[in-house]
Amino acid sequence: MFLIVHNQTYEKLYFSSPDGDKQWTGTCLPASSSKRVTLAARRLQISRVSEPEKASTVVTVVSIPRSLCAWKPLPGLDSSPWLAYYRRSATKRCYLVVMPRRDPSCFLKSIPDTVPLSSLMLPGTHETMALYGWPISQCQSMTLGSQLNSGIRVIDIRLAINGNRLISFHGIVSQYTPFSDVLHQLHAFLTAPSTCSETVVVSIKQEDDDTRLFPQLVREEIMKSPGGLDMWYLADRIPNLGEARGKAVMFSRFGSDGWTGGVVGIHPPVWPDSARLGFTWDCKGTIVRVQDW
C-alpha cells in the first residue's frame, strides 16, 4: 500500500508499519515535508523523533481505512498532539496529512505581535448572525460564541434600526439579536483569560437607509457596552497583531456621522454593489481586496 504523507507539523516525525516479521520499518519526515511511504500493513505508527538521542517516542498507532473516500479525519488520534486527514483515491494509494493539534479558541496566541493582520489567514463567516429564516435568509447554525470558540476571527454583522436600537438583519429579514448582545459576547470572548490573546475583525454593514442616525447609534451602543470604545481598534489602517489583541477591529460599511474626526476603522473609499469579481483599494500602504457576493 502506497501512502503519500504530508507532515505539516513543526517537528520531525517517524512513520512506520509492521512488516511480515513483525518488525516496524518506515521513514522519517522533517517538518513541513512530503514523501511517498510504502506500508506493509494498514497499521501505521506515528512517532515523535527526539534529535539529541536520534530515538523515537511512540505516540500512537492507527489503522488506515480500506474504503475509497474523500478527505476524512483519521480516527484514533484523540489523545495525540496531532490531527490527521486521509483520502483514499485508489485501492493501493492513500494520502495522509498530519497537522499539529491546536485549540481553535486561542490559536493566535502563538503568533508574534509583530505580524500584520494582512499576513494572516483568518477564518470568517458570512452573515454571522443570520440564524433564522431557512431556506431564504438563514446562513449560520452556530451562535456567535460557538463561532468564536471554533476559531472564527472575522464576523459579518448586518444591522438595521428598530425603534431606537440596532437589531441584526439579513436584508429586510430580522434576525432578532440586538447589537448590544453581539457587543456583550465580543467583550466576554476578548477579555476571558483563555482567549484575551485573540482579535476579531468586525465588519458592520447598514441594512436600512437612515445614513444619519445609523452611525450615531453604532457609536452610542458601543460606548454603552462593556469595554466601550477602548475595546475597539478604530484606525483606518491594517494593524499588527500586537495592536489588535484583546480588541475588535472595526471594518465599517456605513458612514461616519457622529464619529470624532470622521474615522470609523478600516473603511474603503467606495464599495461597489455585489462585486462578484472583487475590488481593491490601498489602505495606508496595504492593498486590500474584497469580494462582496
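Residues numbered from 1 in each chain as written. Predicted model: local features only at pLDDT ≥ 70, side-chain atom pairs only at ≥ 80, totals over all residues. Heavy atoms only, no water.

**Student:** What should I look at first to understand the pairing of strand E13 (residues 173-178) in this one?
**Tutor:** Along any regular strand, the residues point their side chains to alternate faces of the sheet. Where strand E12 (residues 165-170) meets E13, three bridges bridge the pair, whose relative direction is antiparallel. Note on E13: the bridge partner recorded for Ile-167 is Pro-178. In this structure, the hairpin formed by E12 and E13 is closed by a connection of two residues, where Gly-171 is found at a positive phi of approximately 65°. (Pairing = 2+ DSSP bridges. Helix = DSSP H or I, 4+ residues; strand = E, 2+ residues; numbered from the N terminus.)

**Student:** I would appreciate a short explanation of helix H2 (residues 179-191) in the present structure.
**Tutor:** Along an α-helix, a turn takes 3.6 residues, which lines up residues three or four apart on a common side. Taking 1.5 Å per residue, 13 residues should reach 18 Å; H2 reaches 18 Å between its end C-alpha atoms and fits that length. Of the residues making up H2, those classed as buried are Phe-179, Val-182, Leu-183, Leu-186, Phe-189 and Leu-190. Each buried residue of H2 sits inside an arc of 130° when the element is viewed along its axis, so together they form one side. (Expected span 1.5 Å × (residues − 1). Buried < 20%, exposed > 50% of the residue type's maximum accessible area, 1.4 Å probe, protein only. Arc of directions from axis to C-beta.)

**Student:** Help me out: how do you make sense of the side chain of Thr-195 in this one?
**Tutor:** Tracing the sequence through the fold places Thr-195 in the loop between H2 and strand E14 (200-206). A relative accessible area of 3% places Thr-195 in the buried class. Not counting chain neighbours up to four residues away, the residues in contact with Thr-195 comprise Ser-105, Asn-149, Phe-189 and Leu-190. (Contact = heavy atoms within 4.5 Å.)

**Student:** I tried to follow the state of the cysteines on my own but got confused; where do I start?
**Tutor:** This model, assessed by the stated rule, comprises zero disulfides. The thiol of Cys-196 is not disulfide-bonded; the next cysteine sulfur, from Cys-106, is found 9.6 Å away. On the basis of relative accessibility, which here comes to 38%, the residue Cys-196 falls in the partly exposed class. (Disulfide = S-S within 2.5 Å.)

**Student:** In this structure, what is going on with the layout of surface pockets? I would like to understand it.
**Tutor:** It is a probe the size of a water molecule, rolled over the atoms, that shows where empty space is left. Space inside the largest pocket adds up to approximately 870 Å³. Every residue lining the largest pocket is counted, 28 residues in all, and those nearest its centre are Val-154, Val-201, Phe-251, Arg-289 and Val-290. When contributions to the lining of the largest pocket are tallied by element, the ones reaching two or more residues are strand E10 (124-125), strand E11 (154-162), E14, strand E16 (248-253) and strand E18 (286-290). If one sorts the elements of the lining of the largest pocket by residue count, E18 sits on top with five residues. (1 Å grid on protein atoms, 1.4 Å probe; cavity = no way out; pocket = protein on both sides within 12 Å on 5 of 7 lines; lining within 4 Å. Points joined across faces, edges and corners; volume = space filled by probe spheres on them.)

Everything listed here is a matter of geometry and, on its own, says nothing about what the molecule does.
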